[in-house]
Amino acid sequence: MSYADRRKERIDALAAGSVDETPGVSLIASAWRRLRRDPVFLIGLAITVVFVVLAIISPWIAPHDPAAAPLLDKVRPQSNPVPGPEAGFPLGADDRGRDLLSRLLVGSRQTLVVGVVATLFGLAGGLVLGTLAGAFAGRVDSVVMRIVDVMLSVPSLLLAFTIGALAARPSQTTLIIAIAVIQVPIFARLLRGSMLGQRSSDHVLAARALGVKQHAIVFRHMLPNSLGPVIVQATLVLAIAIIDAAALSFLGLGNPDDRQPEWGQMLGRSQEFIYDYPHLAVYPALCIIVVALGFTLMGESLREALDPKTRR
C-alpha cells in the first residue's frame, strides 16, 4: 500500500470517528521503544558497558601489577628492548618489562575517571552560564554569550593545550581542568538555546500569568525541561573528552607518573619504538578508538530518539 493510500485511509478514519483510541506514551517510553530495536544504540551501549565494567574491576582482574616489572630481566636494550608475548603475558611487555595487558586494563580506569570528571565539571560550568543567559536574557545574555564566543573562537585542543602548559607541572588534575574548560561553552550554548525556547512556551506563560516568581519559573519550569538535549550532548562530549585527554597525555601534559597507566600516556611512550614494535601503539590506540566509538554511537542514537525532528 502506497503512502497516499495510507494517508487516505487515515483521513477517512478521522472523518468516520473510528480512530484508534489507544492511550499515547511519553517521550521517554517512545524513545526507549525505538532504542531497544536500534542496533546502532545496542552496539554503542554494549561497548560502553564493557568499558565501564572493565574500568571498575580492572585492579582485580589484571594478571600483574601494572607498576611492577616481572620481565625486566628479559629487556635487552640492543637485542630485545621490548619482550614479546609468552606464557602469562599474552600481549608481551613494554620497554621496562611491565605487563602490557595489565597496563591496558588498569589504564581504562584512569581514562574513564578523566573523561567522566572532566565532562561533569564542564557540564556544571555550562549549566551555570547557560542558565544565566537563558533565564535573564538582555544584558546578562549578551555578556555571557560574548564570553562563550571568545572561548569558542580558539580551537578546543589548542585552548586545552594552553591551559595544561600554564600549569606548574603536568598532572591528572590539570588535565581534567583543561578538558573541562573547553567543554563549558558547548553546554552553555546548548542550554541557553533550549531555555530561550522555553521562555515562550505555554506552561511558562501560564506560570507568569499566575504570578509565579521568576526564580521558581526558571528552576521548576524552564531548566528541567531544557536539560534533555544537554544530557544527551554530555554522552557525545564524553567521547570527545576521552580523545582530547589522550591527546594531551600523548603530548606529555597528563599524569607524569607512568606507574599509573593511562592510554594516551602509553601511546606517547610507544613512539620511540613505533617502527620496530608498533603493537605498543596499536593496542592503546584501538582501545581509545573503540571506546570513543561506543559513546558516540550511543549518544547519536539517544539524540535521534529523543528529538522528533531528527528521527529518520
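Small disclaimer: the values here were computed from a predicted structure and weren't measured.

Visitor: What is the right way to look at the overall build of the chain in this model?
Guide: A tally of regular secondary structure across the chain gives 11 helices and zero strands. When its helices and strands are written in sequence order, the chain yields α-α-α-α-α-α-α-α-α-α-α. The burial tally for the chain puts 40% of its 312 residues in the buried class. Taking all contacts inside the chain whose residues are at least 6 apart in sequence as the whole, residues at least 24 apart take part in 72%. Surface accessibility of the chain: about 16900 Å² in total, with carbon and sulfur atoms responsible for 65%.

Visitor: I tried to follow the side chain of D141 on my own but got confused; where do I start?
Guide: Position of D141 relative to the elements: it lies in helix α5 (residues 138-153). A polar side-chain atom of D141 sits 2.8 Å from a polar atom in the side chain of R192. Those residues in contact with D141 that sit more than four places away from it in its chain are A133 and R192.

Visitor: What's the story with the packing of helix α4 (residues 100-136) against helix α9 (residues 214-250) in this structure? I'm lost.
Guide: If you want to describe how two helices pack, look at the angle between their axes and the distance between the axes. At a minimum axis distance of 8 Å, the contact between α4 and α9 shows a crossing angle of 145°. Once α4 is placed against α9, the crossing between them reads as right-handed. Residues of the contact of α4 with α9, tallied by class, amount to 17 nonpolar, six polar and no charged.

Visitor: Is there a simple way to think about helix α3 (residues 39-61) in this case?
Guide: Given 3.6 residues to a turn, an α-helix orients residues that are three or four positions apart in the same direction. Along its length, α3 reaches its greatest deviation from straightness, about 45°, at A55, and the proline P59 lies no more than four positions downstream. Within α3, the full set of buried residues consists of F41, G44, T48, F51, A55 and S58.

Visitor: Just to check I follow, could you spell out a positive patch on the surface for this structure?
Guide: On the surface, R33, R34, R36 and R37 cluster together into a positively charged patch. Tracing the backbone through its elements, the reader meets R33 in helix α2 (residues 27-35).

Visitor: What should I look at first to understand a nonpolar patch on the surface in this one?
Guide: Taken together, V49, V50, V53, L54, I56, I57, W60 and I61 make up a surface patch of nonpolar side chains, about 710 Å² in accessible area. Here I61 shows up in helix α3. Note on I61: relative accessible area 38%, which makes it partly exposed.

Visitor: Teacher, can you tell me more about the packing of aromatic side chains here?
Guide: The geometry of an aromatic ring pair comes down to the distance between the two centres and the angle between the two planes. What the rule picks out here adds up to three aromatic pairs. Consider the rings of F51 and W263, whose centres lie 5.7 Å apart with planes at 45°: the pair is tilted. Taken together, the residues F51 in helix α3 and W263 in helix α10 (residues 263-269) connect sequence positions 212 residues apart. Its relative accessible area of 5% is what places F51 among the buried residues.

Visitor: Whenever I open this one, the confidence of the model for the chain confuses me. Can you help?
Guide: The predicted coordinates of low-pLDDT regions are not to be read in fine detail. On average, residues of the chain score 82 in pLDDT, and 89% of them reach the 70 mark or higher. Ranking the elements of the chain by mean pLDDT puts helix α1 (residues 3-16) last, at 64, and α3 first, at 90.

Visitor: What exactly am I supposed to notice about helix α7 (residues 172-199) here?
Guide: With 28 residues, α7 should reach 40 Å at 1.5 Å per residue; the first-to-last C-alpha distance of 40 Å fits that figure. At Q183, α7 shows its maximal kink, close to 30°; a proline, P185, follows between one and four residues later.

Visitor: What is the right way to read the environment of F187 from this model?
Guide: Structurally, F187 can be placed in helix α7. Residue classification places F187 among the buried residues on the basis of a relative accessible area of 0%. Along the sequence, F187 and L129 sit 58 residues apart, while their C-alpha atoms lie 8.7 Å from each other. Aside from chain neighbours lying at most four places away, what touches F187 is T119, G122, L123, G126, V230, Q233, A234 and V237.

Visitor: Got a minute to help me understand the side chain of D94 in this structure?
Guide: Within the fold, D94 resides in the loop between α3 and α4. Classification of D94 as buried rests on a relative accessible area of 7%. Looking at D94, its side chain comes within polar contact range of the main-chain nitrogen of R96, at 3.0 Å. Setting aside its immediate chain neighbours within four residues, D94 contacts V75, P81, V82, P83, R103 and L280.

Visitor: Explain the nonpolar core to me, please; I cannot follow it from the model alone.
Guide: One recurring pattern in soluble globular proteins: nonpolar side chains tend to sit buried together. Counting 26 residues, the largest nonpolar core has F51, W263, L280, V291, F295 and L302 as the members making the most contacts within it. Where this core is concerned, the elements lending two or more residues are α3, α4, α9, α10 and α11 (279-306). Considering every element that reaches this core, the biggest residue donor is α11, with eight residues. Other than its neighbours up to four places away in sequence, V291 contacts I47, F51, I242 and W263. M195, A207, I217 and L223 belong to the second largest nonpolar core, which has 14 residues in total.

Visitor: How should I be thinking about the packing of α3 against α11 in this particular structure?
Guide: The N-to-C vectors of α3 and α11 enclose an angle of 135°; their axes lie 7 Å apart at closest approach. As summarised for this structure, α3 and α11 are arranged oblique, according to the angle between their axes. Relative to α11, the crossing made by α3 is left-handed. Together, V40, F41, I43, G44, L45, I47, T48 and F51 of α3 and V290, V291, G294, F295, L297, M298, S301 and L302 of α11 make up the contact between the two elements. Partitioned by chemical class, the residues of the contact of α3 with α11 number 12 nonpolar, four polar and no charged.

Analysis parameters
Residues numbered from 1 in each chain as written. Predicted model: local features only at pLDDT ≥ 70, side-chain atom pairs only at ≥ 80, totals over all residues. Heavy atoms only, no water. Helix = DSSP H or I, 4+ residues; strand = E, 2+ residues; numbered from the N terminus. Buried < 20%, exposed > 50% of the residue type's maximum accessible area, 1.4 Å probe, protein only. Contact = heavy atoms within 4.5 Å. Areas by Shrake-Rupley, 256 points an atom, 1.4 Å probe, with all protein chains shown as cover. Polar contact = N/O pair within 3.5 Å; in protein donor to acceptor, adjacent residues only side chain to side chain. Axes fitted to C-alpha atoms, helices over the stretch in contact; angles between N-to-C directions. Left-handed = near helix turned anticlockwise from the far one by under 90°. Nonpolar A, V, L, I, M, F, W, Y, C, P; charged D, E, K, R; others polar. Bend = angle between axes of the 7 residues up to and from the residue. Patch = residues over 30% accessible without salt bridge, like charges linked within 9 Å, V, L, I, M, F, W, Y side chains within 5 Å. Salt bridge = Lys/Arg side-chain N within 4 Å of Asp/Glu carboxyl O. Lys, Arg positive; Asp, Glu negative; His and termini not counted. Charge placed at Lys NZ, Arg CZ, Asp CG, Glu CD. Phe/Tyr/Trp six-rings, centres within 6.5 Å; stacked < 30°, edge-to-face > 60°. pLDDT = per-residue confidence, 0-100. Expected span 1.5 Å × (residues − 1). Core = buried A, V, L, I, M, F, W, Y, C linked by side-chain atoms within 4.5 Å. Parallel < 35°, antiparallel > 145°, perpendicular 65-115°, else oblique.

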